[in-house]
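Below are the chains, spelled out letter by letter.
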Amino acid sequence: MSKNVTETVEDLALPIVKEMNVELVDIEYVKEGSSWFLRVFVDKEGGIDIEDCGTVSEKLSEKLDELDPIPHNYFLEVSSPGAERPLKKKEDIEKAVGKYVNIKTYEPIDGLKSFEGDLLDFDGDTIKLSMTIKTRKKEVSIPYPKVAKARLAVRF
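In this text the structure is predicted, and so the values were computed from the model without any measurement.

> Just give me the short version of the overall build of the protein, but keep the residues and values in it.
Helix and strand counts for the protein come out as three helices and eight strands. The linear arrangement of helices and strands in the protein, starting from the amino end, is α-β-β-α-β-α-β-β-β-β-β. Each principal axis of the C-alpha distribution contributes one length, and for the protein these read about 55 × 30 × 30 Å. The buried share among the 156 residues of the protein stands at 37%. In the protein, the proportion of contacts linking residues at least 24 apart, taken out of those at least 6 apart, comes to 51%. Put simply, the protein shows about 9700 Å² of open surface, and 49% of that area lies on carbon and sulfur atoms. Treating the 24 positive side-chain charges of the protein as one cloud and the 31 negative ones as another, the clouds have centres 8 Å apart.

> An account of helix H2 (residues 50–67) is needed here, citing residue identities and associated values.
The end-to-end C-alpha separation of H2 is 26 Å, in line with the 26 Å expected for 18 residues at 1.5 Å each. Put simply, Asp49 is the residue that caps the front of H2, since its side-chain oxygen is 3.2 Å from the backbone nitrogen of Glu51. Within two residues after H2, Asp68 carries a phi angle of roughly 50°, on the positive side.

> Mind laying out unusual backbone geometry, listing which residues take part and the relevant values?
Outside of glycine, negative phi angles account for most residues, and trans bonds account for most peptide bonds. Backbone geometry places Asn21, a non-glycine residue, at a positive phi of 60°. With respect to the element layout, Asn21 can be found in the loop between helix H1 (5–19) and strand E1 (23–32). Accessibility expressed as a relative area gives 67% for Asn21, which makes it exposed. Positive phi outside glycine occurs at Thr135, with the angle close to 70°. Within the secondary structure, Thr135 sits in the loop between strand E6 (126–133) and strand E7 (136–143). Using a relative accessible area of 77% as the deciding quantity, one classes Thr135 as exposed.

Parameters and conventions
Residues numbered from 1 in each chain as written. Predicted model: local features only at pLDDT ≥ 70, side-chain atom pairs only at ≥ 80, totals over all residues. Heavy atoms only, no water. Helix = DSSP H or I, 4+ residues; strand = E, 2+ residues; numbered from the N terminus. Buried < 20%, exposed > 50% of the residue type's maximum accessible area, 1.4 Å probe, protein only. Contact = heavy atoms within 4.5 Å. Areas by Shrake-Rupley, 256 points an atom, 1.4 Å probe, with all protein chains shown as cover. Lys, Arg positive; Asp, Glu negative; His and termini not counted. Charge placed at Lys NZ, Arg CZ, Asp CG, Glu CD. Expected span 1.5 Å × (residues − 1). Polar contact = N/O pair within 3.5 Å; in protein donor to acceptor, adjacent residues only side chain to side chain.

Structure representation (structure tokens):
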């Protein structure tokens, strides 16, 4: 099998979430201690509930049992990405304009590698962020290729 586990699971999960009008946010396949976990994060406008997660889990579990792409035992978890949902794709960042976000970069920009503030704009190439540094508002431009991780953030 040339595809890795997360790509295979994404191929199985996409038709299920599409049919349910739910968004596939992220897939993780990780080992914790001696156990493997397949985590599928889903969301929808207005938030995801436990019934939606259960339905996705049931349908995905059937597909995984049919194809058996994972050779060993694992736990399947389907859940919401939570308040600090990752912004994995350009479309996720576009949808987050106007929201409070946290962005980490591969290399420093103006001496910083971590930025938190209001996402003002994203044109597909550059993220514009308004952040407060020691009580002063500052606008920062972050080139998209330099983004290591981006997520929604909770303002305290």
